[in-house]
Amino acid sequence: MNATYDSIDKGTELPPRTYRITRLDLVKYAGASGDFNIIHWNERVARSVGLPNVIAHGMYTMAQVGKFVAEWAGGDPGAVTDFGVRFSAMVPVPDDDEGATIEVSGKILEKLPDNKVTVDVVAKAGGAKVLTRARATVRLP
Amino acid sequence: MALNPEYAGRVYGPGEPYEVSRVKIADFADAIGEPSQLCRDREAAVKAGYPDVIAPPTFAVIIDQRSTKAAVTDPGLGLDYSMVVHGEQSFSYSRPLHAGDVVVATTTIESIRTLGALSMLVTSTSIDTVDGEHICTATSNLVERGA
């Protein structure tokens, strides 16, 4: 990809990516993050409280977007200086080998000084926007 | 149950210092599928200008949620955590977290709003080194669905 500050402009689109989320990913994320909320790993309980299935941690989806932006910007996760999202829909993760898929795309909202840009990101799962107002400021090479 | 609006402005912490470790960063990077060697290989991180391996940007949620727990479980606030969904999250960094950082977190209840059956709680958590250097401010918006 090798996006550089000089090679992009307001409106430049980031190449879209898809990320797969399986139950195993949620178990690993629960362990690594310390978020053991039962709706993220127990289908029986998730359904009993009215959810369609086990749902992904919102922060797991946000982490995928962080990765998406950092990889595009040269692979340095430390280049992301400001990052915010609104969680607008849940990502149900079925108990099979396919899991759920999130589609992530983005475009440059603004070029800032110091080689920084603000990226507006869209993340969708099952046709629904799972994040809105997802914005990251990242420093480019 | 409506949240107690008088709790807006309350400050919790700083709590016990949190030591950022290489192993924890690598585990977190593995869990989210972050491929960067800057999260795993100290030499690569140093070559890129960092003191040690760096944490991915959402790593700070671990420290944020530990700190925010003091606020959300405060009985006087009246939050039913079983009815809470995460509405928004943001991070604003002065620099990346790296292995070896020893940080403290302080959480402020920024606002409390009730709209019909929904209550909204906004918290901000400042994450600073024990020497007082600001690293990150994490802002969370939690929504409590009324019963």
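Rules used in this analysis
- Residues numbered from 1 in each chain as written.
- Chains lettered and ligands numbered in written order.
- Predicted model: local features only at pLDDT ≥ 70, side-chain atom pairs only at ≥ 80, totals over all residues.
- Helix = DSSP H or I, 4+ residues; strand = E, 2+ residues; numbered from the N terminus.
- Contact = placed C-beta atoms within 7 Å.
- Rg over C-alpha atoms; globule rule 2.2 N^0.38 Å.
- Buried ≥ 20, exposed ≤ 12 C-beta atoms within 10 Å, placed from the backbone.
- Core = buried A, V, L, I, M, F, W, Y, C linked by C-beta atoms within 7 Å.
- Arc of directions from axis to C-beta.
- Expected span 1.5 Å × (residues − 1).
- Bend = angle between axes of the 7 residues up to and from the residue.
- Pairing = 2+ DSSP bridges.

The helix and strand tally for chain B stands at 3 helices and 6 strands. Going from N to C terminus, chain B has its helices and strands arranged as β-β-α-α-α-β-β-β-β. For chain B, contacts bridging at least 24 residues in sequence account for 73% of all contacts bridging at least 6.

Right, let's talk about the overall build of chain A for a bit. A tally of helices and strands in chain A yields 3 helices and 5 strands. In sequence order, the secondary structure elements of chain A are arranged as β-α-α-α-β-β-β-β. On C-alpha atoms alone, chain A measures out to a radius of gyration of 16 Å, which is about the 14 Å that the 2.2 N^0.38 rule sets for 141 residues. Judged by the C-alpha coordinates and their principal axes, chain A covers about 50 × 30 × 25 Å.

Moving on, we get to the environment of E13 of chain A. Residues and elements named next belong to chain A. Note that E13 resides in strand 1 (residues 13-21). Judged by the 11 C-beta atoms lying within 10 Å of it, E13 is exposed. Placed 99 residues apart in sequence, E13 and L112 show a C-alpha to C-alpha distance of 16 Å.

Counting residues in hydrophobic clusters, the biggest one holds 69 residues, and the most contacted among them are V65, V69, V91, V121 and V138 of chain A. Of all the elements, helix 3 (residues 58-72) of chain A adds the most residues to this core, at 9 residues. Residues within four places of V138 of chain A in sequence aside, it is in contact with V69, A70, A73, A79, V80, K116, V117 and V119 of chain A. If you look at the next biggest cluster of nonpolar residues, it comprises 8 residues, including L3, A71, I109 and L121 of chain B.

Time to look at unusual backbone geometry. Of the consecutive residues G13 of chain B and P14 of chain B, the connecting peptide bond is found in the cis state with omega at 5°. Tracing the backbone through its elements, the reader meets P14 of chain B in the loop between strand 1 (11-12) and strand 2 (18-19). A positive phi is found at D114 of chain A, a non-glycine position, where the angle reads about 60°. You can see D114 of chain A is positioned in the loop between strand 3 (100-111) and strand 4 (116-125). Residue classification places D114 of chain A among the exposed residues on the basis of 8 C-beta atoms within 10 Å. Of note, R133 of chain A is a non-glycine position whose phi angle comes to about 45°, a positive value.

Residues and elements named next belong to chain B. Three or more residues of helix 1 (residues 22-32) are buried, namely I25, F28, A29, A31 and I32. Seen end-on, helix 1 carries its buried residues on one side only, within an arc spanning 160°. Looking at the residues trailing helix 1, positive phi occurs at G33, about 75°.

Another aspect to go through is helix 3 (residues 60-72) of chain B. All names here are of chain B. If you check helix 3, its first and last C-alpha atoms are 18 Å apart, about what 13 residues at 1.5 Å a residue would give, namely 18 Å. The largest bend in helix 3 amounts to roughly 25° and is located at R66. Looking at helix 3, one finds that the buried residues are A60, V61, I62, I63, D64, Q65, S67, T68 and A71.

Turning to the pairing of strand 2 (residues 80-87) of chain A, a few remarks are in order. Both strand 2 of chain A and strand 5 (residues 128-139) of chain A contribute to a ladder of 6 bridges, which runs antiparallel. Residue R86 of chain A lies in a different strand from strand 5 of chain A, and its bridge partner there is T132 of chain A. Where strand 2 of chain A and strand 3 (residues 84-93) of chain B come together, 5 bridges link them in antiparallel fashion. If you follow V85 of chain A over to strand 3 of chain B, its bridge partner there is Q89 of chain B.

With that settled, consider the pairing of strand 6 (residues 134-145) of chain B. Residues and elements named next belong to chain B. The pairing of strand 3 with strand 6 spans 9 bridges and is classified as antiparallel. Looking at the pairing, V84 lines up with E144 of strand 6. In terms of strand pairing, strand 5 (residues 118-129) meets strand 6 through 11 bridges, oriented antiparallel. Considered in strand 6, the bridge of T125 is made with A138.

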